[in-house]
Amino acid sequence: MSARTPSPDATLQAERDHLHRSRADLRAMREHTLSLTAQSGDHVSTEYLKAALYRRAKALEDDPSIPLFFGRIDRVTGDDAGVDVGADTGHDDSRETFHIGRRHVMDADGDPMVVDWRADVSRAFYRATRQDPHGVVLRRRYGFAEGELTSYEDEHLLDRTESDVTSRILTEEIERPRVGPMRDIVATIQPEQDEVVRAGLDTTVCVQGAPGTGKTAVGLHRAAYLLHTYRERLARTGVLVIGPNQAFLHYIEQVLPTLGEVDVRQVTVAELVERVPVRTGDPPDVATLKGDARMAQVLTRAVWSHLAEPDETLYVPRGSRRWRVPVHEVAESVATLRARGDGYATGRALLGQRLAHRVLLRMEAAGEVTDDRIQNTIARSRPVKSYVDTVWPAVDPVRVVLRLLGDPEFLASAADGVLTPAEQAMLLWKRPARGPKSARWTHADTVLIDEAAAIVERSSGVGHVVLDEAQDLSPMELRAVARRAGAGSLTILGDIAQGTTPWATPSWPEALLHLDRAEAHLEVLRNGYRVPAAVVDFAARLLPTIAPDIEPPEAVRSNPGTLDVVEADGDLLGAAAKHTAEAVGRDGSVGVVVADADADTVAAGLAGAGLEPGRLGDDAPLTIVPASMVKGLEYDHVVVVDPARIVAAETSGLRRLYVVLTRAVSSLVIVHAEPLPSELDGVAAPR
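In the annotation of an unreviewed UniProt entry, the chain is listed under the name DNA helicase IV and assigned to Haloactinopolyspora alba.

Have a look at this one:
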């Protein structure tokens, strides 16, 4: 790998000139978009067009701190393909040159100045090797500082005299200090990651990713790729990103806008299903039971139990006559609608029309003239509507769940043969609520309400869903996510070893079953590009206990990182402050991870030592992180305070500790007063 040019400075300047022209062309593209006037045939269409132009202009905004392109490929065309053409002069007419960047930029003539990284031609930048060059003669990577091009590296893929050398620019970009929100990885996507990113829209992919393998970034980049490749289709159906908590969403929220995608909804599972205010939480055993897939059967029975057996003839007065529909015909109509498999509300809406049609048949047999308007009038008549209300009454999902959790007889009827009497007793509220507003709803209750709502009325989903930290969701939560995907596809991201909830999935096949995507492609990422070897090896000692079937990640970084295990001598806060101050003195972000109950105490101790930690979401260089909120986050330097307290705080404490230990990108310091878990005890590493 080298810069094989007669005059490197001239080449560097030529590339800088190309960058400046590209920025000017991007400005011209945005100015052209802003100059357009939204005019259409009606007000609604005009507003839609205005919104589309706004999004287009937003996507064309230039951030001068981010390079427009990060790489280049030269391809030889025609008879010269596959021939070693030697040094790059930048003026070989037999070559096609493409600068690869975050978005497409064209000049005034429509010629590409920068090719979007998602375009088909860009695939070779990520996949080309000496063994399979994909037609690429030269691959060039660029070094940047504050948006200005500072250096470049060339890789001549057809030059057999040049040895394989790890790219310094690529390594530095991967190992760059982590400050602020998550960055995109378009400049560093690896071949195994690119396989996932470019999977087609009709394919559901499940990614088992060890810590630091970039699975979250891969999922987000797949969303960006799909939005680019299937723009028109996804413009109608949309893309949804679901994360574990708001801190995580804040951390990732700028990745897609940086890639030019500004119209993607990002939510937590709690926001996805929230129909009532959550006022309290469930004990772990109760929450686990409420999240059990069997609750779907209980809710189905509870909703459909509202259907009544017709026992009276329907009479419909019209004009001077009164038309009748006998009980057995009503029962047939109800049974037919029930067998269709539609939602409860859909069947209810159709029953009136079915009964009205029965009346029309009798009217026609009597010689009367009928049409659709008469049928609709009969369906909306008071006798028919009243009869439907009796046989197929309206149902409120919130009240169904309220009654299910508060009425022992109703629950026993719906759960008979599905839940044991002891399990039914666990579900019942100790103090039944008088109404939805007075109920002390939990998150697990909102998931039940969401399921009930889906039984009442089916809804269409979005075109693609990206679900992160999927291993932590209950079967009922996974069902809620599956409904949002509808007939669309998903990118499912997670790590079985990092499952920390009492209801965490034991395997991906089981999770995929609840997501109704049993046929999904499972991809395993093991190469750790973020977590250094010293940290990976230390944390991996927990795997035989917490996830014996999961292989440890393989750290591929050049920097092995540092690890310190420090036993505090009677002053835990003082030791924590000392090592935190050392971490703050280095480049990059610092996260101090503590048991949730200790967050305020440790924050006060650090403040007393002259360190001012920020809270999650502040993007501060030093952050106090409760252990339950650390999943998905990364810091250059991590200080873990008393792992034993983190482990003791929850039933999956060792899994939580595994998550905590693997957040470090450069260095990890463990400060403890209580003994370490036996899996880690006596294991230390020098700085």
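Engineer: What am I meant to see in the pairing of strand S21 (residues 664–672) here?
Structural biologist: One face of the sheet, then the other: side chains in a regular strand alternate in exactly this way. Across the nine residues of S21, nine count as buried, placing the element largely inside the fold. Across six bridges, strand S17 (residues 562–567) lies against S21 in parallel orientation. Its bridge partner being in S21, Thr562 is matched across the sheet by Ser667. Summarising the sheet, strand S20 (residues 635–641) and S21 pair through six bridges and their orientation is parallel. Each bridged residue has a counterpart across the sheet, and for Val638 the counterpart in S21 is Leu668.

Engineer: Got a minute to help me understand the sheet that holds strand S2 (residues 95–101) in this structure?
Structural biologist: To summarise the sheet geometry, strands pair through backbone hydrogen bonds and adopt either a parallel or an antiparallel arrangement. Across the sheet, six strands lie side by side as S3-S4-S2-S1-S5-S6; this open sheet has mixed pairing. What marks the edges here is a single partner per strand, and that holds for strand S3 (105–106) and strand S6 (148–156). Looking at chain direction, S3 and strand S4 (residues 112–116) are connected through two bridges and run antiparallel. The residue of S4 that forms the bridge with Met106 is Pro112.

Engineer: Explain the domain arrangement of the chain here, please?
Structural biologist: Along its sequence, the chain is organised into domain 1 (10–78 + 91–165), domain 2 (183–293 + 395–526), domain 3 (314–390) and domain 4 (533–680). Relative placement of domain 2 and domain 3: their C-alpha centres are 40 Å apart. Summing the contributions of domain 2 and of domain 3, the shared interface buries around 400 Å²; its carbon and sulfur component is 55%. When the buried area of domain 2 at its contact with domain 3 is split by residue, Val395, Val456 and Arg458 rank highest and sum to 78% of it. On inspection of domain 2 and its partner domain 3, the count reaches four residue pairs in polar contact (both at pLDDT 80 or more). For the side of domain 2 that touches domain 3, a count of residues per class yields three nonpolar, no polar and two charged.

Engineer: Mind showing me how you'd approach the UniProt feature "binding site: ATP" (unreviewed entry) in the chain here?
Structural biologist: Mapped onto this numbering, the UniProt entry annotates "binding site: ATP" (unreviewed entry) at Gly209, Ala210, Pro211, Gly212, Thr213, Gly214, Lys215 and Thr216. The annotated residues named above include Ala210, Gly212, Thr213, Gly214, Lys215 and Thr216 as those lining the largest cavity. Checked against the element boundaries, Ala210 lands in the loop between strand S7 (205–209) and helix H6 (215–229). Mapped onto the fold, Lys215 is located in helix H6.

Engineer: I would appreciate a short explanation of the side chain of Asp468 in the present structure.
Structural biologist: Secondary-structure assignment places Asp468 in the loop between strand S12 (464–467) and helix H21 (475–485). Asp468 has contacts with Thr216, Ile242, Pro244, Phe248 and Leu493, leaving out every residue within four places of it along the chain.

Engineer: Please clarify how empty space enclosed by the protein should be interpreted in this entry.
Structural biologist: To find the voids left in a structure, one rolls a probe of water-molecule size over its atoms. In this structure the tally under the stated criterion is four cavities of 30 Å³ or more. As for the largest cavity, its lining consists of 24 residues, of which Thr213, Gly214, Lys215, Arg530 and Glu634 are closest to the centre. With three residues, the single largest contributor to the lining of the largest cavity is H6. When its residues are assigned to classes, the lining of the largest cavity shows eight nonpolar, nine polar and seven charged. Both domains that meet at the lining of the largest cavity, namely domain 2 (183–293 + 395–526) and domain 4 (533–680), each give it at least three residues.

Engineer: Help me out: how do you make sense of the pairing of S6 in this one?
Structural biologist: Buried residues dominate S6, accounting for seven of its nine residues. In this structure, strand S5 (residues 136–145) lies alongside S6, joined through eight bridges in antiparallel fashion. Across the sheet, residue Ala145 finds its bridge partner in S6, namely Glu148. Hairpin connection of S5 to S6: two residues between the antiparallel strands, including Glu146 at a positive phi of 55 degrees.

About the thresholds
Residues numbered from 1 in each chain as written. Predicted model: local features only at pLDDT ≥ 70, side-chain atom pairs only at ≥ 80, totals over all residues. Heavy atoms only, no water. Buried < 20%, exposed > 50% of the residue type's maximum accessible area, 1.4 Å probe, protein only. Helix = DSSP H or I, 4+ residues; strand = E, 2+ residues; numbered from the N terminus. Pairing = 2+ DSSP bridges. Domains from an automatic or database assignment. Buried area = accessible area lost by both parts, 1.4 Å probe. Polar contact = N/O pair within 3.5 Å; in protein donor to acceptor, adjacent residues only side chain to side chain. Nonpolar A, V, L, I, M, F, W, Y, C, P; charged D, E, K, R; others polar. UniProt positions renumbered as here; feature names shortened; annotations may be inferred. 1 Å grid on protein atoms, 1.4 Å probe; cavity = no way out; pocket = protein on both sides within 12 Å on 5 of 7 lines; lining within 4 Å. Contact = heavy atoms within 4.5 Å. Points joined across faces, edges and corners; volume = space filled by probe spheres on them.

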